[in-house]
Amino acid sequence: MIASPVSEIWFVTGSQHLYGPGPLKQVEGNSQAIAEALSASRRIPYKIVFKKLLTTPDEITQLCIDANAAPQCAGLILWMHTFSPSKMWIRGLTLLRKPFLHLHTQYNRDLPWATIDMDFMNLNQAAHGDREAGFIHTRMRLGRKVVVGHWSDPEVQDRIAAWMRAARAWQDWQGAKFARFGDNMRQVAVTEGDKVASEMKFGFAVNGYGVGDLVAKVDAVSEAAIDALIAEYAKTYALAAALKAGGARHASLRYSARLELGLRAFLEEGGFKGFTTTFEDLHGLTQLPGMAPQRLMADGYGFAGEGDWKTAALVRAMKVMADGEGTSFMEDYTYHLSPKGHQVLGAHMLEICPSIAAGRPSVQIHPLGIGGKADPVRLVFEALAGPALNASLVDLGNRFRLVVNEVKAVKTPKLPKLPVARAVWECLPDFKTACAAWIYAGGAHHTGYSYKVTSEMLEDFATIAGIEMVLIGADTRLSDFKQTLRNNEVYYHLAQGIRA
Ligand code: MN
């Protein structure tokens, strides 16, 4: 996957000098052992390094400054093996700009009931030490994830792993650049948004480019480079007969390859992590890019159509969480409203990522009803069956909201006349509740769709970003959901004022 960040999590233990050097050495050793065991676990996606045992306000402050300045540090795990008076943490936590997880664990799993003495009691104090820490986190209104249980417990490690994936996606967004070719699809509201507010909140930049800048890159692609890419296509996909060398439409495939190489050159030279196109602004391009965004998404780029930069950025973040697997731009396209079960057919004009394909995609060419350009080449395939989710990031004017719906993707029926990649799913808790909740929440028709990203990762991600997330899942009841939306209107309006 392109430009995936190098990430590590810093494991930090709090204590104080009250205990003397002997016990502190033991606290440090135990912390090191936990960090190493977590890091070695196959459930943990990347490195956890024990950083330091902290016993004074100055040490804590310096550690937080160091974490802010370390580009590889995606976040911190904090644990209070003993008691660490939490006023010592105020200065450091005020400065800390990295996400943190509060791990409420204990070095020993079982208590040695027959031998337990006051030395043991004084060394293993997380039960109360972590409560002192939790108070100051709550008192300072700090967003964080609290994970409870023994560090060897697989369930505990899964909670940590989900947060680590969210933290890495957040790290990836900081300083990221997204290119917007042309502007928004005319008159469309939900794909618009405040790019200034977004950069302040999320840390990524979205900048517009004239499609002519892209045309220059596309025109500069060499015939030899196109030959090589066509050979790769022939190896990877089932090519429609007309698109093969000597076929009547082979020139269209060559142009599609040219588009991919031009786009790739533009994105690589500019260091972009994603992009948007719009079919209303293609001046100088012969086809709407179809197969090109599909293949670029498969390499880890975020993408969305019609100038939808928020979804492009979200797709990129979800790809980082998913290590590039099973994640695509998606659109709720049309419904199957049978009394036997309601389903959604998801697709787009062209641009669905082959990382969600159930089999080998075929390369096809068909007319496109809109845009007034030549017939575009596209990858056609059916998506996988299994648990998945849709996520949408919307700008409500005073804040951003992440809307998530857990779904069950089903085997796609045969659709011999449909010339695009497609997915079919059933919404949780049921179609009517899910769609009503989604619409009350203002969720878009564009989403990030994934089999690998979980609602837990997105909840952790929203907490790190400090934005609202609403989940539509198995337990959603519409009346409660509507009340949550009303409550959140007030909470997010007032929240800035209650932090002091
Ligand atoms: Mn669309």
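Scroll up to find the structure this text is about.
Residues numbered from 1 in each chain as written. Predicted model: local features only at pLDDT ≥ 70, side-chain atom pairs only at ≥ 80, totals over all residues. Heavy atoms only, no water.

On a plain count of helices and strands, the chain comes out with 15 helices and 19 strands. What you see for the chain is a C-alpha radius of gyration of 25 Å, in line with the 23 Å of a compact globule of 500 residues. By principal-axis analysis of the C-alpha atoms, the chain measures approximately 85 × 55 × 45 Å. By residue count, 55% of the 500 residues in the chain fall in the buried class. Long-range pairs, those at least 24 residues apart, make up 79% of the contacts in the chain between residues at least 6 apart in sequence. (Helix = DSSP H or I, 4+ residues; strand = E, 2+ residues; numbered from the N terminus. Rg over C-alpha atoms; globule rule 2.2 N^0.38 Å. Buried < 20%, exposed > 50% of the residue type's maximum accessible area, 1.4 Å probe, protein only. Contact = heavy atoms within 4.5 Å.)

By size, the foremost hydrophobic cluster in this structure holds 60 residues, and its most contacted members are Phe11, Ile48, Ile160, Trp173, Leu402 and Leu458. For this core, the leading source of residues is helix 6 (residues 154–173), giving 11 residues. Ignoring any residue separated from it by four or fewer positions in sequence, one finds Ile48 in contact with Ile9, Phe11, Ala35, Leu38, Ser39, Ile77, Ile160 and Met164. Among the nonpolar cores identified, the runner-up in size contains 42 residues, and Leu229, Ala357, Ile365 and Ala409 belong to it. (Core = buried A, V, L, I, M, F, W, Y, C linked by side-chain atoms within 4.5 Å.)

Turning our attention to the sheet that holds strand 14 (residues 377–380). Reading across from one edge, 8-13-14 is the order of the 3 strands in this open sheet, with mixed pairing throughout. Edge positions in the open sheet fall to strand 8 (238–239) and strand 14, since each of these has one partner strand only. The pairing of strand 8 with strand 13 (residues 362–365) spans 2 bridges and is parallel. In the sheet register, Ala238 faces strand 13, and the bridge partner there is Ser362. With respect to the sheet, helix 11 (residues 291–298) is in contact with strand 13 and strand 14, its orientation differing from that of strand 14 by roughly 50 degrees. (Pairing = 2+ DSSP bridges. Axes fitted to C-alpha atoms, helices over the stretch in contact; angles between N-to-C directions.)

For the rest of this paragraph, the subject is the pattern of salt bridges. Close approach of charged atoms lets side chains of opposite charge pair. Throughout the structure, instances matching the rule amount to 30 salt bridges. Notably, a salt bridge pairs Asp172 with Lys273, separated by 3.0 Å at the nearest N-O pair. Note that Asp172 is positioned in helix 6 and Lys273 in the loop between helix 10 (250–270) and strand 9 (274–276), a separation of 101 residues in sequence. Here the salt bridges do not stand alone but share partners, grouping Lys145, Glu155, Arg159, Glu456 and Asp460 into one network. (Salt bridge = Lys/Arg side-chain N within 4 Å of Asp/Glu carboxyl O.)

What follows concerns helix 6. Since the α-helix advances by 3.6 residues per turn, residues separated by three or four positions end up pointing in the same direction. With 20 residues, helix 6 ought to run about 28 Å at 1.5 Å a step, and its terminal C-alpha atoms sit 29 Å apart, in line with that. Most of helix 6 is tucked away, with 15 of its 20 residues classed as buried. Its side-chain oxygen at 2.9 Å from the backbone nitrogen of Glu155, Asp153 defines the N-terminal cap of helix 6. Just downstream of helix 6 lies Gly175, where phi reads positive at about 85 degrees. (Expected span 1.5 Å × (residues − 1). Polar contact = N/O pair within 3.5 Å; in protein donor to acceptor, adjacent residues only side chain to side chain.)

Moving on to unusual backbone geometry. Following Leu428, the chain continues into Pro429 via a peptide bond in cis, with omega recorded as 0 degrees. Positioned with a positive phi, Arg141 is a non-glycine residue whose angle comes to about 55 degrees. Tracing the backbone through its elements, the reader meets Arg141 in the loop between helix 5 (126–139) and strand 5 (145–148). Phi at Glu306 takes a positive value of approximately 60 degrees, unusual for a residue other than glycine. Following the sequence through the fold, Glu306 ends up in the loop between strand 10 (302–304) and helix 12 (309–321). With a relative accessible area of 7%, Glu306 lands in the buried category.

Let's shift gears to the sheet that holds strand 10. Working definition: the strands of a sheet are paired by backbone hydrogen bonds and lie parallel or antiparallel to each other. The strand order 7-6-9-10 describes an open sheet built from 4 strands, whose pairing is parallel. Edge strands, defined here as strands with exactly one partner in the open sheet, are strand 7 (205–209) and strand 10. Recorded for the sheet is a direction-independent mean angle of 20 degrees between the axes of neighbouring strands. Against the sheet, helix 10 touches strand 6 (177–181), strand 7 and strand 9, its axis set at about 140 degrees to strand 6.

This brings us to the packing of helix 12 against helix 14 (residues 455–465). The N-to-C vectors of helix 12 and helix 14 enclose an angle of 120 degrees; their axes lie 11 Å apart at closest approach. On the basis of the axis angle, helix 12 is oblique to helix 14. In the packing of helix 12 onto helix 14, the handedness of the crossing is right-handed. Two secondary-structure elements touch here, helix 12 through Ala317, Met318 and Met321 and helix 14 through Met457, Leu458 and Phe461. (Parallel < 35°, antiparallel > 145°, perpendicular 65-115°, else oblique. Left-handed = near helix turned anticlockwise from the far one by under 90°.)

Here we take up the environment of Ile356. Within the secondary structure, Ile356 sits in the loop between strand 12 (341–346) and strand 13. By relative accessible area, which is 0% here, Ile356 ends up buried. As a C-alpha pair, Ile356 and Ser450 span 94 residues in sequence and 7.9 Å in three-dimensional space. In contact with Ile356, not counting residues within four places along its chain, are Gly326, Thr327, Ser328, Met330, Phe381, Glu382, Ala383, Leu384, Tyr449 and Tyr451.

This next bit is on the environment of Phe11. With respect to the secondary-structure elements, Phe11 resides in strand 1 (residues 8–14). The spacing of Phe11 and Leu103 is 92 residues in sequence and 9.7 Å in space, taken between C-alpha atoms. Sequence-distant contacts of Phe11, that is, excluding residues within four places in its chain, are made with Ser31, Ile34, Ala35, Leu38, Ile48, Val49, Phe50, Lys51, Lys52, Ile77, Trp79 and Leu103.

For the rest of this paragraph, the subject is helix 11. Burial within helix 11 is extensive, with 7 of its 8 residues counted as buried. Of the residues making up helix 11, those classed as buried are Met291, Ala292, Pro293, Gln294, Arg295, Leu296 and Met297. One or two steps after helix 11, the chain reaches Gly300, where phi turns positive at roughly 110 degrees.

This paragraph deals with the packing of helix 9 (residues 223–236) against helix 10. In the contact formed by helix 9 and helix 10, the axes pass within 9 Å of each other and the chain directions differ by 105 degrees. Considering their axes alone, helix 9 and helix 10 lie roughly perpendicular with respect to each other. Taken together, the residues of helix 10 that come into contact with helix 9 (itself represented by Glu223, Ala225, Ile226, Asp227, Leu229, Ile230 and Tyr233) are His250, Leu253, Arg254, Ser256, Ala257, Arg258, Glu260 and Leu261. Here the residues of the contact of helix 9 with helix 10 are counted per class, giving 8 nonpolar, 2 polar and 5 charged. (Nonpolar A, V, L, I, M, F, W, Y, C, P; charged D, E, K, R; others polar.)

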